[in-house]
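# Notes for the structure review
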Amino acid sequence: MSEQTNFGPLFQSQTTESETTQLSFNGRVPSWLEGSLFRTGPSLFDIKGKKLNHLFDAMAKFYKLSFSGSSQKVFFTSRFAQSDAYNKAASTGVLQTNEFGSSPKRSRLQTFLQAFDFKATDNPNVNVFFINQRFFACTETPFVTEFEPSNLNTLGHLNLDDNLKGQVSTAHPHFDFSTGKLFNFLIEYGPTSTYKLFSWKQGENKRQLIASIKTRRPAYLHSFALTSNYVVLVLGPFAVNPLELLLCGKPFVANFNWKPDLGTSIYVINKHSGKVTPLECDPFFVFHHINACEENDRILVDLLAYENANIVQDLYLNKLASKNNAPAIPLATRLTIDLTNKTLDKEIFSEKGIELPTINYKQCNSTRYQHFYGIGENKAGDFLNQIVKISSKSGTIEASWHEENCYPSEAIFVANPDKKGDGVLISVITNIELSNSFCLILDANDLSELARIPIPHLIPFHFHGQFREGLL
Ligand code: CO
């Protein structure tokens, strides 16, 4: 076992894979719960003993937990994504792709010859999504990886019949249930760079460009907001000179700098017409949006705002390994946008820090909502060690789940099809003292425990997932 870190095994390689296995558990799976949770996340933090630099560099492993409430059965499967990044590193013993904070060693001549040849990674360690009855995992590049839902085998890259290009994208596409369209961005770097908003309609095999926004200083983009009529792009001043990015050969994120003088640029894009309204705000940094909606001619955007982009530095693996160095945690913040008067207010509406926010996505995405969920700190400096339910109106914590030495993953809401507003949260928890992981099913109303399911191998800290109803 490698060196013990501040967070024990949360950020250490875990190479065990699991064929589909039936798990025993305590408690009861709700009788209405039928379906599977698909997740991805970092699982290999070193290549042949050489440590990768950043949490976002680690090679992806897919996980699947299938629940049958009617038969009280739970199954678990895990499998490394057979991405090009993983396969090339495994076969040569060294990193071959440009990851977020690590890049392959190159001579100056190689760097010169490969200028503008941005070999983006396909390591799908951030999120999963479903469209057209197909299952995909992604990172923050245009390379999207398809996998087979029954056994998590990697099927290859997604290819679409369009010419939309860019070097980076987001791993947080939104699905608009009213139109059956998926929305996401590409960023194309160059002397002038372009944010490209596109939609991908269910049933089609090509994307439509909706809007292009030009910039000379593109910002890091992790997620965005969707309402009934708008897409809102929030760009904190963590910016890059694209020519340096394409020419100098440094790892991707090492090219970005915090430039508070630039402020935060906000673009409200009409998702039907493509019309763009630019606005400005004081500087802050965001990974995740909670939700957004339109109310009384205003647009409300709820997001998790960091004071600056230091969190990106905090997530370097050597920082995570040092004692007493808990990463920054953002605060729930509401932007209120008045498009008529082109004004914007920013207000922190919950004083307790949380990350990895989730909502009842099918019911509440793009509309008014009552609650959201997230992973917060039990005590200041604890990092993400409790699951919380927060009122979107008052910002107060209405319920929480915490256990000593336990670090929960994102808590995913699954709606009870028989009772509107009712549902469960499913989270995978890692106990760093016992070096094991278990799945929790919590009642989403009061976060009381319904079932606890030990998992056959430890799962390191991981990012995002999706639940698919009806598929075991
Ligand atoms: Co994310």
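The following refers to the structure shown. Predicted, not measured: the structure shown is a model, and the values here were computed from it.

### Considering empty space enclosed by the protein
- Within the structure shown, the criterion is met by five cavities of 30 Å³ or more.
- Of the voids in this model, the largest cavity is the one considered here, and its volume is about 350 Å³.
- Residue lining of the largest cavity: 30 residues in total, with Phe56, Glu140, His222, Phe287 and Phe463 positioned closest to the centre.
- Mapped onto the lining of the largest cavity, the elements with two or more residues apiece are β23 (285-295) and β27 (354-358).
- Per-class residue counts for the lining of the largest cavity are 19 nonpolar, eight polar and three charged.

### So, the coordination of the cobalt ion
- The protein atoms that coordinate the cobalt ion are His172 (NE2), His222 (NE2), His288 (NE2) and His464 (NE2), at distances of 2.1 Å.
- Here the cobalt ion binds four donor atoms, and the angle range of 92 to 164° at the metal identifies the geometry as irregular.
- Mapped onto the sequence, the residues coordinating the cobalt ion show the spacing H-x49-H-x65-H-x175-H. In this pair, His172 is assigned in the loop between β12 (168-169) and β13 (174-176) and His288 in strand β23, connecting sequence segments 116 residues apart. Both residues of the pair, His172 and His288, count as buried.

### Notes on the packing of aromatic side chains
- Applying the stated criterion to the full structure yields 38 aromatic pairs.
- Measuring from ring centre to ring centre gives 5.9 Å for Phe287 and Tyr306, while their planes differ by 90°; the resulting arrangement is edge-to-face. Highlighted residues: Phe287 in strand β23 and Tyr306 in strand β24 (residues 298-306), separated in sequence by 19 residues.
- On the accessibility criterion, Phe287 (4% relative accessible area) is buried.
- For Arg207, the ring lying beneath its charged end belongs to Phe198, and the centroid distance is 5.0 Å.
- Positioned over the ring face of Phe349 is Arg334, at 4.2 Å from the centre of the ring.

### Quick word on the side chain of Ser18
- Along the chain, Ser18 turns up in strand β1 (residues 18-23).
- Polar contacts involving the side chain of Ser18 include one to the side chain of Thr21, which spans 3.3 Å.
- The contacts of Ser18, once residues within four sequence positions are left out, are Phe76, Thr77, Ser78, Pro456 and His457.

### Re the layout of surface pockets
- The volume enclosed by the largest pocket comes to roughly 1,000 Å³.
- Lining the largest pocket are 43 residues, and of these Pro173, Phe177, Tyr361, Gly465 and Gln466 sit closest to its centre.
- Taken together, the elements giving at least two residues each to the lining of the largest pocket come down to β8 (127-131), β13, β17 (225-226), β23, β27, α6 (361-364), β32 (412-415) and β36 (465-469).
- For the lining of the largest pocket, the class distribution of residues is 23 nonpolar, 16 polar and four charged.
- Approximately 590 Å³ is the volume found for the second largest pocket.
- Lining the second largest pocket are 29 residues; nearest its centre among them are Pro142, Phe143, Leu164, Leu186 and Arg207.
- Breaking the lining of the second largest pocket down by element, the ones donating at least two residues are β14 (181-188) and β15 (193-201).
- For the lining of the second largest pocket, the element with the highest residue contribution is β14, accounting for three residues.
- Its residues assigned to classes, the lining of the second largest pocket comprises 15 nonpolar, ten polar and four charged.

### A closer look at unusual backbone geometry
- The phi angle at Leu356 is positive, at roughly 50°, despite the residue not being glycine.
- Considering the arrangement of structural elements, one finds Leu356 in strand β27.

### Quick look at the sheet that holds strand β11 (residues 154-157)
- Strand order in the open sheet made by the four strands is β8-β9-β10-β11, with antiparallel pairing throughout. In this open sheet, the two edge strands, each paired with only one partner strand, are β8 and β11. Direction aside, the axes of adjacent strands within the sheet are offset by 30° on average.
- Taken together, the three bridges between strand β10 (residues 144-147) and β11 define a ladder with antiparallel strand orientation. Within β11, the position partnered with Phe147 by the bridge is Thr154.

What counts and what doesn't
- Residues numbered from 1 in each chain as written.
- Predicted model: local features only at pLDDT ≥ 70, side-chain atom pairs only at ≥ 80, totals over all residues.
- Heavy atoms only, no water.
- 1 Å grid on protein atoms, 1.4 Å probe; cavity = no way out; pocket = protein on both sides within 12 Å on 5 of 7 lines; lining within 4 Å.
- Points joined across faces, edges and corners; volume = space filled by probe spheres on them.
- Helix = DSSP H or I, 4+ residues; strand = E, 2+ residues; numbered from the N terminus.
- Nonpolar A, V, L, I, M, F, W, Y, C, P; charged D, E, K, R; others polar.
- Donors = N, O, S within 2.8 Å, 3.2 Å for Na, K, Ca; no water.
- Tetrahedral: all angles 85-135°; square planar, octahedral: opposite > 155°, others 65-115°.
- Buried < 20%, exposed > 50% of the residue type's maximum accessible area, 1.4 Å probe, protein only.
- Phe/Tyr/Trp six-rings, centres within 6.5 Å; stacked < 30°, edge-to-face > 60°.
- Lys NZ or Arg CZ within 6 Å of the ring centre and 35° of its normal.
- Polar contact = N/O pair within 3.5 Å; in protein donor to acceptor, adjacent residues only side chain to side chain.
- Contact = heavy atoms within 4.5 Å.
- Pairing = 2+ DSSP bridges.
- Axes fitted to C-alpha atoms, helices over the stretch in contact; angles between N-to-C directions.

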